[in-house]
Amino acid sequence: MTNQYYEFFCPVKVIAGRAALEHIPYELTGLAATRPMIVTDKGVRAAGLLDPVIAACEESGLEIVSIYDDVPPDSSTSVVKEIAGIYRSEKCDSLIAVGGGSAIDTAKAVNILVSEGGDDISKYSGAGIIKHPLKPFLVVPTTAGTGSEVTSVAVITDTTRSVKLPFSSSFLLPNAAVIDPRMTMTLPPHITAATAMDAMTHATEAFTCMAKNPLSDAYATSAIRKISQFLLPVMDNPKDATGRLELAQASTMAGIAFSNSMVGLVHALGHATGAICHLPHGMCMSLYLPYVLEYNLETIREPLGELLLYLEGPEVYASTPFNRRAEATISALRKLRDELHKRCRLPRTLKETGSVEEDQLDTIAEMALDDGAIMFNPKEVLLEDARAVLQRAWV
């Protein structure tokens, strides 16, 4: 399954390592920005993660003009409008998002409003609506999972209409992603596990979906190798700075991979489950991954088998017969999920979440079929197919 034609695009500068935060002022001043606003959430602030960011800025004479720390886990259009108002009244000229997917998506949407004008973010929803570069924007991820720091999309909930608004434009890409292990040291075990499995799913779908290409493959396989190698050691030793940095880099690499090669049915089901049952995205990804790979198996047998090398290493790969490698890849992912379940109760089935009723499966299946991700799934998915995958994931 080789694409005769593909595009690969990732203009985000990545600044990574143990002193990455200290480079923020240099990046901002290089973009002629002197009055940054930080967008974050209560949890990040309470964990003390803003302190090194603020210290890094103040040491080089850069004043943080405003800090908004009230981004909710599922951000909304009203929050975006509120932050944009503060940005304007405080005469800020740049944005620093510090947090997980929600804080980053919120800052992306705020950047649209403060750059394009107006208060109604919904009119910019869709693909290719934004035609001009936005304000200087840096992202400091505090979870190693979403990859939002290198993607050109954002999703914001319109609470009045109960819909999720997608935004997509290359102008949404941050100017730089700052990957510093200090930012993920305090992640609790269950979030470490769920976000790492989010990245694992990004990379696995990137490597097996329709728009895969040689460049996205390189990022995807490297991400899978890093997560396989470092996730369980970090679960056992959360203060391992080297492992934390490796997982954070893996998340960024998986983000670059999937934003160029797209994702498939795991994401379609996960988005629908998140919307209906309000489960965390990473948890949904981890939960659905093996069931979807089994559904797609005959279509993706060869690339899926290749992933065994990155999951289990060269010895296992070499000693597994060619025609058994795809199944062995799925087994390796199941084994990893079992280990995570043992360590932090990360659910492996819909029943184990305790938040999904069996009578919701039809609605989830219908919603998943309308999700954009399903277009890139390597095997066609009909309503009864989606329903069957959900039934297998239920047990």
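Here we summarise the structure given alongside this text. Bear in mind that the values here come from a model prediction, so they are computed numbers and not experimental data. (Residues numbered from 1 in each chain as written. Predicted model: local features only at pLDDT ≥ 70, side-chain atom pairs only at ≥ 80, totals over all residues. Heavy atoms only, no water.)

### Examining the environment of Ala84
Within the secondary structure, Ala84 is located in helix 4 (residues 77-89). Along the chain, Ala84 and Gly48 lie 36 residues apart, while their C-alpha atoms are 24 Å from each other. (Helix = DSSP H or I, 4+ residues; strand = E, 2+ residues; numbered from the N terminus.)

### Re helix 3 (residues 50-59)
For helix 3, the set of buried residues is Leu50, Val53, Ile54, Ala56 and Cys57. One side of helix 3 holds all its buried residues, which, seen down the axis, span an arc of 160°. Away from the buried face of helix 3 by more than 90 degrees, exposed residues Asp51, Glu58 and Glu59 are located. As for helix 3, its buried residues are in contact with helix 1 (24-30), strand 2 (36-39), helix 2 (42-46), strand 3 (66-68) and strand 4 (94-99). Looking one or two residues past helix 3, Gly61 carries a phi angle of roughly 75°, positive in sign. (Buried < 20%, exposed > 50% of the residue type's maximum accessible area, 1.4 Å probe, protein only. Arc of directions from axis to C-beta. Contact = heavy atoms within 4.5 Å.)

### Concerning unusual backbone geometry
A negative phi angle is the norm for most residues apart from glycine, just as the trans form is the norm for most peptide bonds. Phi angles above zero are rare outside glycine, and Ala32 is one such case at about 60°. Structurally, Ala32 is set in the loop between helix 1 and strand 2. Note on Ala32: relative accessible area 65%, which makes it exposed. Unlike most non-glycine residues, His278 shows phi in positive territory, near 55°. Looking at where His278 falls in the secondary structure, it is placed in the loop between helix 9 (265-277) and helix 10 (281-312).

### As for the pairing of strand 8 (residues 163-168)
Of the strand pairs in this sheet, strand 5 (residues 126-127) and strand 8 are connected by two bridges, and their pairing is parallel. When the bridges of strand 8 are listed, Ala127 appears paired with Ser168. With six bridges joining them, strand 7 (residues 153-158) and strand 8 adopt antiparallel strand pairing. Bridged to Ala154 within strand 8 is Phe167. Counted between consecutive antiparallel strands, the loop separating strand 7 from strand 8 contains four residues, among which Ser162 sits at a positive phi close to 50°. (Pairing = 2+ DSSP bridges.)

### Looking at the sheet that holds strand 9 (residues 176-179)
Read from one edge to the other, the open sheet built from six strands follows the order 1-9-6-4-2-3, with strand pairing classed as parallel. Looking at the sheet topology across the chains shown, the edges are occupied by strand 1 (13-16) and strand 3. Strand-to-strand twist in this sheet, taken as the mean axis angle between neighbours without regard to direction, amounts to 20°. Where strand 2 and strand 4 come together, four bridges link them in parallel fashion. Counted as the bridge partner of Val39 is Ala97 from strand 4. Contacts from helix 3 reach strand 2, strand 3 and strand 4, with the element oriented near 175° to strand 2. Where helix 4 meets the sheet, its contacts fall on strand 2, strand 3 and strand 4, and the angle it forms with strand 3 comes to roughly 170°. (Axes fitted to C-alpha atoms, helices over the stretch in contact; angles between N-to-C directions.)

### Some points on the sheet that holds strand 8
Here we have three strands laid out as an open sheet, ordered 5-8-7, and mixed in their pairing. The open sheet has two edge strands with one neighbour each: strand 5 and strand 7.

### Side note on the nonpolar core
Membership of the largest hydrophobic core comes to 78 residues, with the highest contact counts inside it found for Met200, Leu231, Leu265, Tyr288 and Leu350. If you tally residues by element for this core, the top one is helix 10, at 16 residues. Ignoring any residue separated from it by four or fewer positions in sequence, one finds Tyr288 in contact with Val266, Leu269, Gly270, Thr273, Leu350, Ile364, Leu390 and Ala393. Ranked by size, the runner-up nonpolar core spans 31 residues in total, among them Met37, Val71, Val79 and Leu134. (Core = buried A, V, L, I, M, F, W, Y, C linked by side-chain atoms within 4.5 Å.)

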